[in-house]
Amino acid sequence: FPVNLEMVRLIVGRLQTDDVYLMANSFPNPDHRSTCLAIQASFLFVILYFAPEILIKQKGTMREIVDKYFNNNWVIATYMGQIYDVMVEWTPYPAAKQAI
């Protein structure tokens with residue numbers, strides 16, 4: 001079945017701007033930002049593949065995502081401990097590669 005691209009864009013927008021898991025209270029120290037947003041970053045990493053135009057063309061959006069979620073943590077874990085190096089995985093995508 002086809003993926004609703006508008007829904008994907010809305011999810012990316014929400015993940016990009018909000019702390020959806022409300023982890024900020026558990027990690028108030030700014031030095032722990034990567035830990036605080038790690039779960040949300042892994043979800044955002046996966047959902048971006050459903051919106052490849054963001055990875056390919058939207059440099060500003062990718063810059064904002066990388067600055068917030070991947071500025072000092074390029075290796076992330078997704079479900080079941082699958083490990084991904086964002087610098088390697090996003091090499092084929094111009095906007096994502098430039099943002100890193």
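Structure's up top.
Along every chain, residues carry numbers that run from 1 in the direction the sequence is written. Only residues with pLDDT of 70 or above have their local features reported here, since the model is predicted, and side-chain atom pairs are shown and tallied only from 80 upward, although totals for entire chains, interfaces and linings are computed over all residues. For the side-chain quantities, the full set of heavy atoms in the structure was used; hydrogens and water were omitted.

Peer 1: I'm lost on unusual backbone geometry in this one. Help?
Peer 2: What you tend to see is this: most non-glycine residues have negative phi, and most peptide bonds are trans. Residues other than glycine seldom take positive phi values, yet Met80 does so here, at roughly 65 degrees. Helix and strand assignments follow DSSP, with helices taken as H or I runs no shorter than four residues and strands as E runs no shorter than two, numbered in order from the N terminus. Mapped onto the secondary structure, Met80 falls in the loop between strand E1 (75–77) and strand E2 (83–85).

Peer 1: Would you take a moment to explain helix H5 (residues 59–69) for this structure?
Peer 2: Spacing of three or four residues puts side chains on the same side of an α-helix, whose turn is 3.6 residues. Among the residues of H5, those classed as buried are Thr61, Met62, Ile65, Val66 and Tyr69. In an axial view of H5, the angular spread of the buried residues amounts to 130 degrees, which keeps them on one side of the axis. Along its buried surface, H5 packs onto helix H1 (5–17), helix H3 (38–47), helix H4 (52–57) and helix H7 (94–99). Each residue's exposure class comes from its accessible area (1.4 Å probe, protein chains only) as a fraction of the maximum for that residue type: buried when under 20%, exposed when over 50%, partly exposed otherwise. Throughout, the arc means that of the directions going from the helix axis to the C-beta atoms. We call two residues in contact when some of their heavy atoms are within 4.5 Å.

Peer 1: For this particular structure, what's the right way to read the environment of Gln82?
Peer 2: Tracing the backbone through its elements, the reader meets Gln82 in the loop between E1 and E2. Once residues lying within four places of it in the same chain are set aside, the contact partners of Gln82 are Ile76 and Ala77.

Peer 1: Explanation requested: the pattern of salt bridges in the structure shown.
Peer 2: If charged atoms from side chains of opposite charge come close, those side chains can pair. Within this document, salt bridges are pairs made up of a side-chain nitrogen of Lys or Arg and a carboxyl oxygen of Asp or Glu, the two lying within 4 Å of each other. Taken as a whole and assessed by the stated rule, the structure comprises 3 salt bridges. Glu6 is paired through a salt bridge with Arg9; the nearest N and O atoms lie 3.1 Å apart. With Glu6 and Arg9 both in helix H1, this residue pair falls 3 residues apart, about one helical turn. Arg9 sits in the partly exposed class, given a relative accessible area of 37%. The partner of Asp67 in a salt bridge is Arg63, with the nearest N and O atoms 2.8 Å apart. In this pair, Asp67 and Arg63 both sit in helix H5, 4 residues apart, roughly one turn of the helix. The exposure class of Arg63 is partly exposed, given its relative accessible area of 35%.

Peer 1: What is the right way to read the nonpolar core from this model?
Peer 2: Proteins that are soluble and globular tend to have nonpolar side chains buried together. Grouped together as the largest cluster of nonpolar side chains are 25 residues, with contacts concentrated most on Val12, Leu44, Leu48, Met62, Ile65, Phe70 and Trp90. When residues of this core are traced back to their parent elements, those giving at least two are H1, H3, H4, H5 and H7. The definition of a nonpolar core used throughout is a set of buried Ala, Val, Leu, Ile, Met, Phe, Trp, Tyr and Cys residues joined through side-chain atoms within 4.5 Å.

Peer 1: What is the right way to look at the packing of aromatic side chains in this model?
Peer 2: Each pair of aromatic rings is reported with the distance of its centres and the angle of its planes. Only centres within 6.5 Å qualify two rings of Phe, Tyr or Trp (six-membered ring in Trp) as a pair; their planes then separate them into stacked at under 30 degrees, edge-to-face at over 60, and tilted for everything else. This model, assessed by the stated rule, comprises 5 aromatic pairs. On the numbers, 5.3 Å between centres and 40 degrees between planes, the contact of Phe45 with Tyr84 is tilted. One end of the pair, Phe45, is in helix H3; the other, Tyr84, is in strand E2, and 39 residues separate them in sequence. On the basis of relative accessible area, Phe45 is assigned to the buried category, the value being 3%. Where Phe70 meets Trp90, the ring centres are 5.3 Å apart and the plane angle is 80 degrees; that geometry is what we call edge-to-face. On the criterion of sequence distance, the pair formed by Phe70 in the loop between H5 and E1 and Trp90 in the loop between helix H6 (86–89) and H7 is long-range, its members being 20 residues apart. With relative accessibility at 0%, the residue Phe70 sits in the buried group.

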